[in-house]
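One letter stands for each residue in the lines below.
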Amino acid sequence: MFAEISKTFVNCFKIPELKSRIVFTLIVLGIARLASLAPVPGLDSRALQLFLEQNSAQGQGGLVGLYSLFTGGGFGRCAIGALGIMPYISATIVLQLLSAVVPRLSKMVREEGGRTKFIQYGRYLAVILALGQGFFMALSWENPSNLPGFGNFAGDLLVGAMKEHIWWYRLQTMLVLGGGTVLLMWLGEQVTDRGVGNGVSLIITISILSAMPKALLGMLKLIVPPAGSEIHFNPFVPIALILLLIAVIAGVVAVTQGQRKIPVQYAQRAIGRKIISGGSSFMPLRVNYAGVMPVIFANAILMFPEQILRGIAGKVEQPEIHRWITVVANSIMFGTIGYIVLLALMILFFSYFWVATQFNELQIADDMKKSGGYIPGIRPGAATSDFLHGTMSRITLAGAIFLAVIAVIPIILASVFNIDPLVGQFFGGTSMLITVGVILDTMRQMESYLLMRHYDGFLKKGRLKGRF
């Protein structure tokens, strides 16, 4: 299999158009990585990087960990790309959710040419969010000790005249970070148009993979502990980690590609003087319809309850109430059983929430009825809508349970087995879901060029495993 895949990659460079797209994509991704390395003027990030290295568990959890995951460590380096592409992703998510409740936006998405305007609105909203988040990022660098989990940080990131002209620093940093996000957004669109596609997703993926060298070093320390370490070599550790990695990747590929095929039959119909014969097709319903969104939503929301409760406890004077609030806060700390249970339940909730807002079974049933299509054994109209709703609910449960399992694996590895969170994130969680999904989509894009030139795809018979 590996020989066939390597041969397929060689064939990619035999097609001039595909070769130029691959080279262009690699160059653009290299430029995007520079944005997470170039520091913002007036800041010295060495103290912050040292703090994050010494507190790796905090560095991979909470708000800082989420941004660090998608920006390739840009926050710790105080880089111009510290916001990454996240404001654009947030703007897209907000507009998608609004399109489910705002009829004008919903109509715009379905109309010809409306999709272009919808994307343009997303860009405008992304710029606004980038400037707003850039301002708050400037405040966080101004005094990192105010961030959750950074109370022990004693360094000073501002250098030179920035300490004396604090508002100039805030304005400059806000504009630089906002410009960095716009640059990454533009680069992602260039990859989508002139590269191999999935530009924004590839920028996120390359940021995630940038942490792989450190993760490999961390895994090497688990296999071969450094001299003087209290950890002793255990031959079962590398075997267990490799088996877990294979199982997680196989599961992510299977669920990401998994579909429920709903057969659809089309009756013969007349349009003007033309008679269009009927036929049969199928409607694919994805098992993991929500993708990685439930995991992102759940992690983002769970950052705040513990900090809010501790803030309330600090202002309560009654010892008994203070003790109970502290107990509750400790029970939902990152890595505790309470945190894991809450995370799993919220992933289940947001999986159904995303499907409820994005999958419109009423519209699908109505469109199917207008085009003369029907599901065998199911009456058109309301009965079809109910059938699609029930089917989607069942397969969404399976996908949501899988997402919950994948999301808690890195937490269990870090809190129970004391494995470096940087290592654990490559065994599940958001990073694994995004990386595998984007790689599969990119392979599909490249495979289409190969099949047009009569080359085999990445697996036998020119088909990706799991494709229908």
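From a predicted model like this one, the values you see are computed outputs, not experimental measurements.

### Let's talk about the overall build of the chain
Okay, so step 1: Looking only at helices and strands, the chain has 21 helices and five strands in total.
Okay, so step 2: Per-residue burial for the chain yields a buried fraction of 43% across its 468 residues.
Okay, so step 3: A total accessible area of about 24,800 Å² is found for the chain, and carbon and sulfur atoms account for 66% of it.

### Some thoughts on the packing of aromatic side chains
Okay, so step 1: Tallied over the entire structure, the rule returns nine aromatic pairs.
Okay, so step 2: With a centroid separation of 6.2 Å and 90 degrees between ring planes, the pair formed by Phe 350 and Phe 353 is classed as edge-to-face. A residue pair is termed a helical-turn pair when its members lie 3 or 4 positions apart in one helix, as Phe 350 and Phe 353 do in helix α17 (residues 337-358) at three residues.
Okay, so step 3: Using a relative accessible area of 10% as the deciding quantity, one classes Phe 350 as buried.
Okay, so step 4: Given a relative accessible area of 31%, Phe 353 falls into the partly exposed group.
Okay, so step 5: One residue, Lys 261, lies across the ring of Phe 282, its end atom 4.8 Å from the ring centre.
Okay, so step 6: It is Arg 323 that lies over the ring of Trp 324; its NZ or CZ is 5.1 Å from the centre.

### Overview of the sheet that holds strand β1 (residues 259-266)
Sheet strands line up and pair through hydrogen bonds in the backbone, either parallel or antiparallel.
Okay, so step 1: Pairing is antiparallel in the open sheet, where three strands are placed in the order β4-β1-β5. Each edge of the open sheet carries a strand with a single partner, namely β4 (279-286) and β5 (373-374).
Okay, so step 2: Strand direction decides the pairing type here: β1 and β5, joined by two bridges, are antiparallel. Paired with Tyr 266 across the bridge in β5 is Gly 373.

### Thoughts on the nonpolar core
Note on soluble globular proteins: their nonpolar side chains tend to be buried together.
Okay, so step 1: Counting residues in hydrophobic clusters, the biggest one holds 73 residues, and the most contacted among them are Leu 18, Ile 85, Ile 204, Val 252, Leu 343, Ile 347 and Leu 433.
Okay, so step 2: The contacts of Leu 343, once residues within four sequence positions are left out, are Ala 298, Asn 299, Leu 302, Ala 407, Val 408 and Ile 411.
Okay, so step 3: Counting 19 residues, the second largest nonpolar core, distinct from the first, contains Leu 48, Ala 82, Met 162 and Tyr 169.

### A few points about a nonpolar patch on the surface
Okay, so step 1: Where nonpolar side chains cluster on the molecular surface, the patch consists of Val 127, Leu 131, Trp 168, Leu 171, Leu 175 and Val 182 and spans about 500 Å² of accessible area.
Okay, so step 2: Among the elements of the structure, α9 (114-142) and α10 (166-194) are those that each provide at least two residues to the nonpolar patch.
Okay, so step 3: Note on placement: Trp 168 falls in helix α10.
Okay, so step 4: Using a relative accessible area of 51% as the deciding quantity, one classes Trp 168 as exposed.

### Things to note about the confidence of the model for the chain
Okay, so step 1: The share of residues in the chain with pLDDT of 70 or more is 86%, and the mean pLDDT across the chain is 81.
Okay, so step 2: α10 holds the highest mean pLDDT among the elements of the chain, 92, whereas helix α4 (residues 56-59) holds the lowest, 48.
Okay, so step 3: Note that pLDDT drops below 50 for residues 57-62; the model gives that stretch 14 contacts with residues more than four away or on any other chain.
Okay, so step 4: Contacts for the low-pLDDT stretch residues 461-468, under 50 throughout, to residues beyond four places or in other chains number 21 contacts.

### Topic: the pairing of β1
Okay, so step 1: Pairing of β1 with β4, which is carried by eight bridges, proceeds in the antiparallel orientation. Directly across from Pro 263, in β4, lies its bridge partner Phe 282.

### Here we look at the environment of Gln 425
Okay, so step 1: In this structure, Gln 425 sits in the loop between α20 (421-424) and α21 (429-452).
Okay, so step 2: Of the residues examined, Gln 425 reaches a relative accessible area of 11% and is grouped as buried.
Okay, so step 3: Sequence separation between Gln 425 and Ile 409 is 16 residues; the distance between their C-alpha atoms is 8.4 Å.

### A look at the side chain of Thr 181
Okay, so step 1: Along the chain, Thr 181 turns up in helix α10.
Okay, so step 2: A polar side-chain atom of Thr 181 sits 3.2 Å from the main-chain carbonyl oxygen of Gly 84.
Okay, so step 3: Beyond its immediate stretch of four places on either side in the chain, Thr 181 contacts Leu 83, Gly 84, Ile 85, Pro 87 and Ala 130.

### Overview of the packing of helix α2 (residues 16-35) against α21
Okay, so step 1: At a closest axis distance of 10 Å, the pairing of α2 and α21 adopts a crossing angle of 160 degrees. For the element pair α2 / α21, the angle class is roughly antiparallel. The handedness of the crossing between α2 and α21 is left-handed. Residues Glu 17, Leu 18, Arg 21 and Ile 22 of α2 form the contact with α21, whose own contacting residues are Met 446, Tyr 449 and Leu 450.
Okay, so step 2: For the contact of α2 with α21, the per-class residue count stands at five nonpolar, no polar and two charged.

Calculation rules
Residues numbered from 1 in each chain as written. Predicted model: local features only at pLDDT ≥ 70, side-chain atom pairs only at ≥ 80, totals over all residues. Heavy atoms only, no water. Helix = DSSP H or I, 4+ residues; strand = E, 2+ residues; numbered from the N terminus. Buried < 20%, exposed > 50% of the residue type's maximum accessible area, 1.4 Å probe, protein only. Areas by Shrake-Rupley, 256 points an atom, 1.4 Å probe, with all protein chains shown as cover. Phe/Tyr/Trp six-rings, centres within 6.5 Å; stacked < 30°, edge-to-face > 60°. Lys NZ or Arg CZ within 6 Å of the ring centre and 35° of its normal. Pairing = 2+ DSSP bridges. Core = buried A, V, L, I, M, F, W, Y, C linked by side-chain atoms within 4.5 Å. Contact = heavy atoms within 4.5 Å. Patch = residues over 30% accessible without salt bridge, like charges linked within 9 Å, V, L, I, M, F, W, Y side chains within 5 Å. Salt bridge = Lys/Arg side-chain N within 4 Å of Asp/Glu carboxyl O. pLDDT = per-residue confidence, 0-100. Polar contact = N/O pair within 3.5 Å; in protein donor to acceptor, adjacent residues only side chain to side chain. Axes fitted to C-alpha atoms, helices over the stretch in contact; angles between N-to-C directions. Parallel < 35°, antiparallel > 145°, perpendicular 65-115°, else oblique. Left-handed = near helix turned anticlockwise from the far one by under 90°. Nonpolar A, V, L, I, M, F, W, Y, C, P; charged D, E, K, R; others polar.

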